[in-house]
Amino acid sequence: MPGAVIGWDMSAALALARALGIDTLIAAELLPEIEAVMVHKLNEQTEGSRNG
């Protein structure tokens with residue numbers, strides 16, 4: 001699907017976590033779960049705005 005979100009740049013996400021003082025090991029464990037939900041929701045929103 002054109003314009004779909006397929007994932008996050010995890011290097012950038014981990015760099016942001018590090019800059020915010022978040023333990024990168026914890027971030028590396030949690031980010032894939034968060035990413036999956038966010039990608040799904042963003043694509044749902046995108047598809048909804050195209051159809052309605």
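All residue numbers here refer to positions counted from 1 along the written sequence of the relevant chain. Where local features are concerned, this predicted model is filtered to residues with pLDDT of at least 70; where side-chain atom pairs are given and counted, the filter is 80 or more; whole-chain, interface and lining totals use all residues. Derived side-chain values reflect all non-hydrogen atoms in the structure, with water molecules and hydrogen atoms excluded from consideration.

**Student:** Which residues make up helix α2 (residues 24-51), and what are the values?
**Tutor:** Spanning 28 residues, α2 covers 39 Å between terminal C-alpha atoms, matching the ideal 40 Å at 1.5 Å per step. Two axes are fitted around each residue, one to the seven residues ending there and one to the seven starting there, and the angle between them is reported as the bend at that residue. By the criteria applied, helices consist of DSSP H or I runs no shorter than four residues and strands consist of E runs no shorter than two, each listed in order from the N terminus. Its axis deflected by about 35 degrees at Leu30, α2 carries its strongest bend there, up to four residues before the proline Pro32. Restricting attention to buried positions, one finds in α2 the residues Ala27, Leu31, Glu35, Val39 and Asn43. Contact definition: two residues touch when any of their heavy atoms are within 4.5 Å. Buried residues belonging to α2 abut α1 (10-19). Polar contact criterion, stated in full: a pair of N or O atoms within 3.5 Å, where within protein one must be able to donate a hydrogen and the other to accept it, and residues adjacent in sequence count only if both atoms are side-chain atoms. Measuring from the backbone nitrogen of Leu25 back to the side-chain oxygen at the start of α2 gives 2.7 Å, which picks out Asp23 as the cap. By definition here, a helix of n residues has an expected span of 1.5 Å times n minus one. The buried label applies to any residue whose accessible area, calculated with a 1.4 Å probe on protein chains only, is under 20% of its type's maximum; exposed applies above 50%, and partly exposed to all values in between.

**Student:** Outline the pattern of salt bridges, supporting the account with residue identities and numerical values.
**Tutor:** When charged atoms on two side chains of opposite charge get close, those side chains can pair. A pair is scored as a salt bridge if a Lys or Arg side-chain nitrogen falls within 4 Å of a carboxyl oxygen belonging to Asp or Glu. Applying the stated rule across the entire model yields one salt bridge. Notably, a salt bridge pairs Glu44 with Lys41, separated by 3.7 Å at the nearest N-O pair. With Glu44 and Lys41 both in helix α2 and three residues apart, the pair spans about one turn of that helix. For Glu44, a relative accessible area of 42% translates into the label partly exposed.

**Student:** Provide a residue-level description of the environment of Glu35, including the pertinent values.
**Tutor:** By secondary structure assignment, the location of Glu35 is in helix α2. Each C-alpha atom of the pair Glu35 and Asp9 lies 9.9 Å from the other, and the pair is 26 residues apart in sequence.

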